[in-house]
Amino acid sequence: MIARVQPHQFYRQSIESRQRLIICSNEGIHEFDYVTPRDALREALFDGGAEGRATVQLWQQFGPTEVLVLALSVLTSDSAVDERIKEKAASMFYSFKDSPELVDVEQVRGLDSTWSPGDSIADWKHKMRLNKPLAGGGGQGYAHSPSRRHDALYYYFSRLVAPIWNHSICRVKNGALITSLSSEEMDWLSNELRKLGQAMEKYGLLPKPDVTWNNTTVGKMNVQASSMERQSLVALRKLVESSAEVLSLWSTACAFDLKAISASMDPCSLPSLAGRPFCHLVCDGQHLNGDLIRAMIKCVAIIISFSRQFQTFLTKQDTIQFKLNTPMQA
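Below or above, wherever it landed, is the structure these notes cover. Quick caveat, the model's predicted, so the values are computed rather than measured.

Next up on the list: the overall build of the chain. Looking only at helices and strands, the chain features 14 helices and six strands. With 330 residues in all, the chain has 39% of them scored as buried. For the chain, the computed accessible surface area is about 19,400 Å², with 54% contributed by carbon and sulfur atoms.

Right, dumping it as structure tokens:
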């Protein structure tokens with residue numbers, strides 16, 4: 001596997017060998033196993049559920065966003081052990097009372113808006129709240145402060161695609177395209193992205209439209225903040241699906257015969273494909289992916305045509321051979 005396209009260390013924690021610490025002292029030899037954050041969350045959910053003491057300690061140690069990212073890793077897991085705690089992991093997204101807000105830009109400017117695992121989200125949001133009467137204008141002058149669920153979903157997606165997002169997934173060599181990733185790697189990443197999208201749909205992580213009627217300015221701004229978050233997560237869902245489709249397309253081309261496909265393409269378009277990073281192919285590379293699809297269709301059509309001609313040739317050969325053998329058998 002190429003070094004720069006290795007999965008994020010967050011996703012390697014479940015497949016890499018566990019680290020052990022051995023301490024030798026006058027009292028004897030003590031051996032300690034390193035427990036990964038995912039294993040710690042799994043044990044906490046088994047013991048006390050989403051609101052158990054061990055889970056709360058993880059909230060305090062890692063912070064809400066990172067714990068929700070770990071919960072997503074459980075929701076997208078195929079392990080039989082994780083199947084038993086998926087409902088508990090999904091409930092974590094609703095047990096933590098956190099909603100998007102519109103924050104006064106002028107008031108936030110100059111304040112420390114960063115958050116560390118030891119801080120309280122309630123205290124941080126208290127600093128962000130408005131101490132002056134809300135002005136009209138539909139939220140003008142206010143910035144969107146998303147929920148932790150929103151951030152966790154974006155964190156999870158970004159860590160999946162980070163190794164290749166700003167890199168091209170193919171290059172030109174001897175007049176033909178070759179991929180930087182193998183078909184197996186692209187299939188793995190595409191499958192993980194699809195599981196993320198399925199989890200977003202299955203466990204209701206895409207918020208429904210807020211149709212609540214509010215006469216107050218604060219209520220209207222809350223509805224607007226919820227609407228902005230929903231639009232952002234819907235866009236993320238489409239981005240997840242598009243990324244998976246692009247990877248599946250290139251994996252299919254690689255498994256088929258990318259060299260033959262390259263020969264069917266315009267030579268001038270090959271450097272354009274090789275020079276575009278993966279994010280461009282996903283977001284605005286429909287015409288480039290279209291060139292690849294058309295070349296694949298052309299190759300398949302040529303193969304089908306050749307196969308039919310070859311079958312016709314074999315049929316004629318069998319007929320001639322039969323006529324030659326018939327008098328001899330008589």
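Further notes follow.
Below, the discussion takes up the environment of Glu 83. The topology assignment puts Glu 83 in helix 5 (residues 80-83). According to the relative accessible area criterion, Glu 83 is partly exposed, its value standing at 45%. Among the polar contacts listed, one links the side chain of Glu 83 to the side chain of Lys 86, at a separation of 3.0 Å.

Now for a nonpolar patch on the surface. On the surface, Leu 21, Ile 23 and Phe 32 cluster together into a nonpolar patch covering about 280 Å² of accessible area. In this fold, Phe 32 is placed in strand 2 (residues 28-33).

Turning next to the packing of aromatic side chains. Two measures describe an aromatic ring pair: the distance that separates the ring centres and the angle between the ring planes. If you walk through the whole model with that rule in mind, you get two aromatic pairs. Consider the rings of Phe 157 and Trp 165, whose centres lie 5.9 Å apart with planes at 80°: the pair is edge-to-face. With respect to burial, Phe 157 and Trp 165 carry one shared label: buried. Taking 5.9 Å as the distance between ring centres and 70° as the angle between the ring planes, the aromatic pair formed by Trp 165 and Phe 278 counts as edge-to-face. Linking Trp 165 in the loop between helix 9 (148-161) and strand 5 (170-173) with Phe 278 in helix 13 (residues 278-283), this pair joins segments that are 113 residues apart in sequence. Each member of the pair, Trp 165 together with Phe 278, is buried. By way of ring pairs, the aromatic residues Phe 157, Trp 165 and Phe 278 are connected into one cluster.

Rules behind the numbers
- Residues numbered from 1 in each chain as written.
- Predicted model: local features only at pLDDT ≥ 70, side-chain atom pairs only at ≥ 80, totals over all residues.
- Heavy atoms only, no water.
- Helix = DSSP H or I, 4+ residues; strand = E, 2+ residues; numbered from the N terminus.
- Buried < 20%, exposed > 50% of the residue type's maximum accessible area, 1.4 Å probe, protein only.
- Areas by Shrake-Rupley, 256 points an atom, 1.4 Å probe, with all protein chains shown as cover.
- Polar contact = N/O pair within 3.5 Å; in protein donor to acceptor, adjacent residues only side chain to side chain.
- Patch = residues over 30% accessible without salt bridge, like charges linked within 9 Å, V, L, I, M, F, W, Y side chains within 5 Å.
- Salt bridge = Lys/Arg side-chain N within 4 Å of Asp/Glu carboxyl O.
- Phe/Tyr/Trp six-rings, centres within 6.5 Å; stacked < 30°, edge-to-face > 60°.

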